[in-house]
Structure formats: structure tokens, C-alpha cells
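Listed here are the chains, written in short residue letters.
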Amino acid sequence: MKSSAEIVIIGAGISGLATAYNLAVRGMKDIVVIEKGYITSGSTGRCGAGVRQQWGTEMNCRLSKASCEILENLEEILDYKRSIEFKQGGYLLFATTEKEVEQFEKNVTLQNSLGINSSMLSIDEALEIVPDMNTEGVMAFAFHQKDGHANPFHTTFAYAEAARRLGVEINTYTTVTGIKVENGRIESVITDKGEIKTHRILNAAGGFAKDIGRMVGVELPLKPERHEILVTEPVEPILGPMLMSFSWNFYIQQEPNGTFIMGYGEPNNPESQKIDSSWHFAQEMARKAIGVYPPLSRVRVVRQWAGLYMMTPDSQPIYGSIPGVDGFYIAAGFSGHGFMFGPITGVLMAEYILGEEPEIPINMLDVGRFERGELIYEPSVV
Amino acid sequence: MEEKTVVCRCEDITVEEIEELIDLGYDEIEEIKRITRCSMGPCQGRTCRNLLIQVVASKTGKKIDELHIPTYRPPAKNIKMTALAGGDEDEK
Ligand SMILES: Cc1cc2nc3c(=O)[nH]c(=O)nc-3n(C[C@H](O)[C@H](O)[C@H](O)COP(=O)(O)OP(=O)(O)OC[C@H]3O[C@@H](n4cnc5c(N)ncnc54)[C@H](O)[C@@H]3O)c2cc1C
């Protein structure tokens, strides 16, 4: 392990590695990544890996569109020899109340104005795409063909490989235990395998980003939550798009290998860093899934697991630096959608750290927005 | 023809493929597993797990007890959705 670095990135998930690659490709040397487990051992390796551009705020539409365009060309950009299995089967969003129909109509108008070709669909139009779903209680749908799913492991490993080729050092099974700050400036990172002198740190620690903040005496407005997910046996491809409802609270998607993955958000989810699985989730999920997509009743569940969402008060990420601690950068608080933002997170954070103008302005996503009361409410999250 | 030694039958992964990954910088079993799906197929590692560990140890020159060995996860569930949905709370 190097004893000094230009920057130490804490966390080898999609955010940390995409940023490491983007810094290296822009010429930064001596980049060190510290990961307490293996690459993808955090939320990235536990996520649903859905990718959508159908958002309700201009910021999220722009971030996800840019990210999606990177994913479409990722193997080429990173010279990755395998496939990231990016499937663009679309997202079909259920509108189940008048209010939701209105919201989706607004979202679609916004999306269209930003070059995202989503549209509202009638029940009949949606049934043409997914003939055997149950549309009882649904009023309308929103659909965008370019939304989809990528393999979270291959996507992240593609960044890791490209970063390594550019000289980035990735230290796995190494835990950051402390950060030395003198006169308001980062001096070094302390790990269980030694100390690294550096004046810059990127906190990309996912569900543990709040703990890293505390190492420099900062209480970040973050809340880790456990979210569960399950996967079925593989069956023949029958479901093209992701089925998703905010009001009924679920997502169901068939992956390219034929397995279905699905989850929902537990209401009033308490703060927790536990990732155990519950029987309650499996039951409730099965009920919801069969209800909207009856062919699933015959399919077998083979595995369930859980991971962490890192929530912010407005369900938007925190990008930028922390006032008062010179050299401390953060990309965390993705509130359940950090995988799809990963590719653009890497670009924007690298530009920001290098003092360049980020290609999408991220100043409104700084940590100060919570104190200023300038929260950005995203109406469309599970 | 060159003889290929198969490590994982379920996912059809050879020794050569594992060694190539190690040359690319992957020296952790957990990572190799997730790239190749080796030991994540129907057998869930029962037959290939030990082979994989041996290949990684010999190629990296590490002792087996220096490697981070994944915990063995039994093929946990195998329940039809419909049974789950109507399932009874005590069933585990
Ligand atoms: C069930 C579930 C479903 C999801 N579905 C989706 C989805 O469909 N689409 C989507 O876009 N997002 C989804 N997400 C969210 C997504 O997983 C995360 O937002 C994203 O992976 C965050 O990536 P990251 O790199 O910021 O964090 P992580 O992947 O968590 O990486 C952080 C890393 O930091 C390491 N670390 C922490 N503390 C330390 C320390 N002290 N020292 C060293 N290393 C440390 C951790 O081990 C970890 O590997 C889902 C999440 C869950 C749990």
C-alpha cells in the first residue's frame, strides 16, 4: 500500500471507482482506493441495478440521461472485454390515483423537454407490451423504452480494471479507521494496514458515509436504511420492461438471464446498518408480485438478501465538499438510486475535485442545501 | 487440441479463465465469483468451491489461510411464489 497519495477514495463501489477512473483518465496520479471488503461488497453488489430516466426533477432527469448514455457505450469507453449486460427493456410505471396520473403527465412533459422520449400509455397500450399483467386499479402508465438494467458487478469491475490500468491502487480488505485533520485541512487517512499521507479524501462509503463524516467531526444529514430484495429461478424471457409503482410500492424486473428480481420499500423504515433478511418481506413481496403479474405465481424464489439505502432528507445525493474541512469531498446519500447515477457521479466528481466546471452543475446538490432550506423534492421514488 | 480443465461445471468456467482474471488484477475469490458466476450456479459451490480456492492460491502464490474465503451459502430457498404469498408466519 502506498504511504502517500494525491487522493484517497474511501469505498470501492460504483461511486468510488467511477470517480477514481475519471480522475485518472484526466491525468491525476497517485490515486488510492480503500475498501473494507471486496469490490462491490457494499450496496452496489446488493442492488436491483435498475436504470431509469423517468424522473420528476430536471436535475435527476439530466443526471440519469447522461449516465444512461455512458452505460450504452461503457464497454468501449473502458475497453472492457466482457459485457455489462445493459438491457434497455423500458420501465413501465403504474399510475393508480388521479394525483399520480397528473404527476406522471407533468413528469413526461419535463422529460420530453430534456430529450427523454417517455410517454403516457393507456391500459390497452400497456397490455400490448406486457399482455399478462393485471391492470385492475391502474388508471394509466408512463413508459420509456431506454430505461432498463445493467449487471452491477460487471459495470463496477469495468471501472476497476480501467482504473488499475491507469495506475490506480485499489486496496481491498482494508478499513479506514480514522482521518487526521490539522488546522482544518486533511493530513492523512488511517487504516488498519497503515497510514496514508494525503490532503484529499473522497467519502464514497455508501451506507457508511455518515461514519466517515464523523471521523472529521461532521454530522452529515444521512440515514442508512435496510432494503430487501429477492431473486427467482431463471425462466424463459416473458417480461420486457421493469414494472414499478410508487403508490403501490414495488419494482419487478426480469434480468437478461431469465431470473426476476423484485423489491419494495418498507414504510417508516428505521435507521439501521443491518442487512439481514426477513420472512415478512418475502411474503409481502410475493403477494404484491402475484397481484400485478400473475405468471409469477408458478416461479420459485431462490434467494433473498438486503442492502443499505443511504437516505438524505430530500432523497437526492450529496455531491461536493464539506465547508470547514479542506480537502474532504463527498459523493453519497443516493437514496436508493446510486447505481444508475454512478457513471455520471464519476465524471462530475472528478471535474469538481480537479477544479473544473462540472458538465452538469452540481452546486445545488451540496451539503449546504439542507441548512439553507433549499431541498429538492423528487416526487418519484420507491 | 489443448486440454481445458473445468473448475465450475454449472457455469462452464476453466482454470485458464480464472488465471486470466488473476493476471488482470483480480486476486479475491469474492470478485472472481461475481465476474464468472463460478460457484454461484445450481450447485452453489458444492463441487467447485474448493477447486476455485486452490487455483487462486497456486496462481497468486498465497497460502490458503491468507485468502478471504467466502462463507458457504446453502441454496437457501426454493419456494413457489404462490406458496410464499399464502405462506404461514411460522414457516422458516
Ligand atoms: C435492495 C437494493 C436495491 C437497489 N436498487 C437500485 C436500483 O435498482 N437502481 C439504482 O440505481 N440503485 C439501486 N440501489 C441503490 C444502490 O445500490 C446504491 O445507491 C449504490 O450502489 C451506491 O454506490 P456507492 O458506490 O456510493 O456505495 P457502495 O456500493 O455501498 O460502496 C461503498 C463502499 O465503501 C466501503 N466502506 C464503507 N466504510 C468503509 C471504511 N471505513 N473503510 C473502507 N471501506 C469502507 C463499503 O464496504 C462499500 O463497499 C439499491 C440498493 C439496495 C440496497
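Because the structure is a prediction, the values reported are computed rather than measured.

Novice: What's the story with the overall build of chain B in this structure? I'm lost.
Specialist: When you go through chain B residue by residue, the secondary structure sums to four helices and three strands. Along chain B, from the amino end to the carboxyl end, the secondary structure elements read β-β-α-α-α-β-α. Expressed as a percentage of its 92 residues, the buried residues of chain B come to 42%. Partitioning the contacts of chain B with sequence separation of at least 6, the portion at a separation of at least 24 is 53%.

Novice: Where do I start with the sheet that holds strand β10 (residues 185–191) of chain A in this structure?
Specialist: Note on sheets: strands pair through backbone hydrogen bonds, and any given pair is parallel or antiparallel. All names here are of chain A. On the basis of which strands lie adjacent, the open sheet formed by three strands has the order β9-β10-β11 and antiparallel pairing. Each of the sheet's edge strands pairs with one partner strand only, and the pair in question is β9 (176–182) and β11 (194–197). Averaged over all adjacent pairs, the angle separating strand axes in this sheet is 25°, with direction ignored. Here β10 runs beside β11; their pairing, made up of four bridges, is antiparallel.

Novice: Where do I start with the side chain of Thr-345 of chain A in this structure?
Specialist: Residue and element names in this part refer to chain A. Counting through the fold element by element, Thr-345 comes out in helix α9 (residues 338–353). Relative accessible area serves as the criterion here: at 0%, Thr-345 is assigned to the buried category. Excluding residues that lie within four positions of it along the chain, Thr-345 makes contacts with Ser-15, Thr-19, Tyr-319, Ala-331 and Phe-334.

Novice: Sorry, what's going on with the site of the ligand here?
Specialist: All names here are of chain A. Every one of the 37 residues lining the ligand counts as a neighbour, but Ser-15, Glu-35, Thr-44, Gly-50 and Met-340 are closest to it. One of the backbone N or O atoms of Gly-50 is found 2.8 Å from an oxygen atom in the ligand. When the free accessible area of the ligand is taken as 1,000 Å², the share hidden by the protein chains comes to 95%. Counting only elements with at least two residues in the shell around the ligand, the list comes to α1 (14–25), β13 (223–232), β17 (300–311) and α9. For the shell around the ligand, the residue count by class is 17 nonpolar, 17 polar and three charged.

Novice: How should the interface of chain B and chain A be read in this particular structure?
Specialist: Bring the parts together and some accessible area is lost; that lost area is often taken as the interface size. Between chain B and chain A, the residue contacts involve 25 residues of the former and 30 residues of the latter. The junction of chain B with chain A conceals about 2,800 Å² of combined surface from both sides, 59% of it contributed by carbon and sulfur atoms. Where chain B touches chain A, the interface holds zero salt bridges. At the boundary of chain B with chain A, the tally comes to 12 residue pairs in polar contact (both at pLDDT 80 or more). The set of elements that each furnish at least two residues to the side of chain B that touches chain A consists of α2 (29–36), β3 (79–80) and α4 (81–85) of chain B.

Novice: I tried to follow the environment of Glu-19 of chain B on my own but got confused; where do I start?
Specialist: Residues and elements named next belong to chain B. Along the chain, the position of Glu-19 falls in helix α1 (residues 15–23). Assessed through its relative accessible area of 28%, Glu-19 is described here as partly exposed. Placed 22 residues apart in sequence, Glu-19 and Gly-41 show a C-alpha to C-alpha distance of 20 Å. Glu-19 has contacts with Val-55 and Lys-59, leaving out every residue within four places of it along the chain.

Novice: Teacher, can you tell me more about the packing of aromatic side chains here?
Specialist: By convention here, two paired aromatic rings are described through the distance between centres and the angle between planes. Residue and element names in this part refer to chain A. Applying the stated criterion across every chain, the model contains 11 aromatic pairs over all chains. Between Tyr-319 and Phe-334 the ring centres are 6.0 Å apart and the planes differ by 65°, which places this aromatic pair in the edge-to-face class. A residue pair is termed long-range when its members are at least 10 positions apart, and Tyr-319 in strand β18 (residues 318–321) and Phe-334 in the loop between β19 (328–332) and α9 qualify at 15 residues. Classification of Tyr-319 by relative accessible area gives buried; the value is 1%. Residue classification places Phe-334 among the buried residues on the basis of a relative accessible area of 10%. These aromatic residues form a ring-pair network of at least three members: Phe-94, Phe-141, Trp-248 and Phe-250. If you follow Lys-36 out to its NZ or CZ, it ends over the ring of Phe-208, 3.3 Å from the centre. In this structure, Arg-52 packs its charged tip against the face of Trp-55, placed 3.7 Å from the ring centre.

Novice: Help me understand the environment of Glu-236 of chain A, please; the structure alone is not making it clear to me.
Specialist: Residue and element names in this part refer to chain A. Relative to the assigned elements, Glu-236 resides in the loop between β13 and β14 (242–245). Judged by relative accessible area, which is 53%, Glu-236 ranks as exposed. For the pair Glu-236 and Asn-257, spaced 21 residues apart in the sequence, the C-alpha separation amounts to 8.6 Å.

Novice: Whenever I open this one, the packing of α1 of chain A against α9 of chain A confuses me. Can you help?
Specialist: The relative placement of two packed helices is expressed as an angle between their axes plus a distance between the axes. Residues and elements named next belong to chain A. Interaxial distance between α1 and α9 falls to 7 Å at its minimum, and their mutual angle equals 40°. Taken as axis vectors, α1 and α9 run oblique relative to one another. The handedness of the crossing between α1 and α9 comes out as right-handed. Every residue of α9 that contacts α1 at Ile-14, Ser-15, Ala-18, Thr-19, Asn-22 and Leu-23 is listed here: Gly-338, Phe-339, Gly-342, Pro-343, Thr-345, Gly-346, Val-347, Met-349, Ala-350 and Ile-353. Its residues assigned to classes, the contact of α1 with α9 shows nine nonpolar, seven polar and no charged.

Rules used throughout
- Residues numbered from 1 in each chain as written.
- Chains lettered and ligands numbered in written order.
- Predicted model: local features only at pLDDT ≥ 70, side-chain atom pairs only at ≥ 80, totals over all residues.
- Heavy atoms only, no water.
- Helix = DSSP H or I, 4+ residues; strand = E, 2+ residues; numbered from the N terminus.
- Buried < 20%, exposed > 50% of the residue type's maximum accessible area, 1.4 Å probe, protein only.
- Contact = heavy atoms within 4.5 Å.
- Pairing = 2+ DSSP bridges.
- Axes fitted to C-alpha atoms, helices over the stretch in contact; angles between N-to-C directions.
- Near = heavy atom within 4 Å.
- Polar contact = N/O pair within 3.5 Å; in protein donor to acceptor, adjacent residues only side chain to side chain.
- Areas by Shrake-Rupley, 256 points an atom, 1.4 Å probe, with all protein chains shown as cover.
- Nonpolar A, V, L, I, M, F, W, Y, C, P; charged D, E, K, R; others polar.
- Buried area = accessible area lost by both parts, 1.4 Å probe.
- Salt bridge = Lys/Arg side-chain N within 4 Å of Asp/Glu carboxyl O.
- Phe/Tyr/Trp six-rings, centres within 6.5 Å; stacked < 30°, edge-to-face > 60°.
- Lys NZ or Arg CZ within 6 Å of the ring centre and 35° of its normal.
- Parallel < 35°, antiparallel > 145°, perpendicular 65-115°, else oblique.
- Left-handed = near helix turned anticlockwise from the far one by under 90°.

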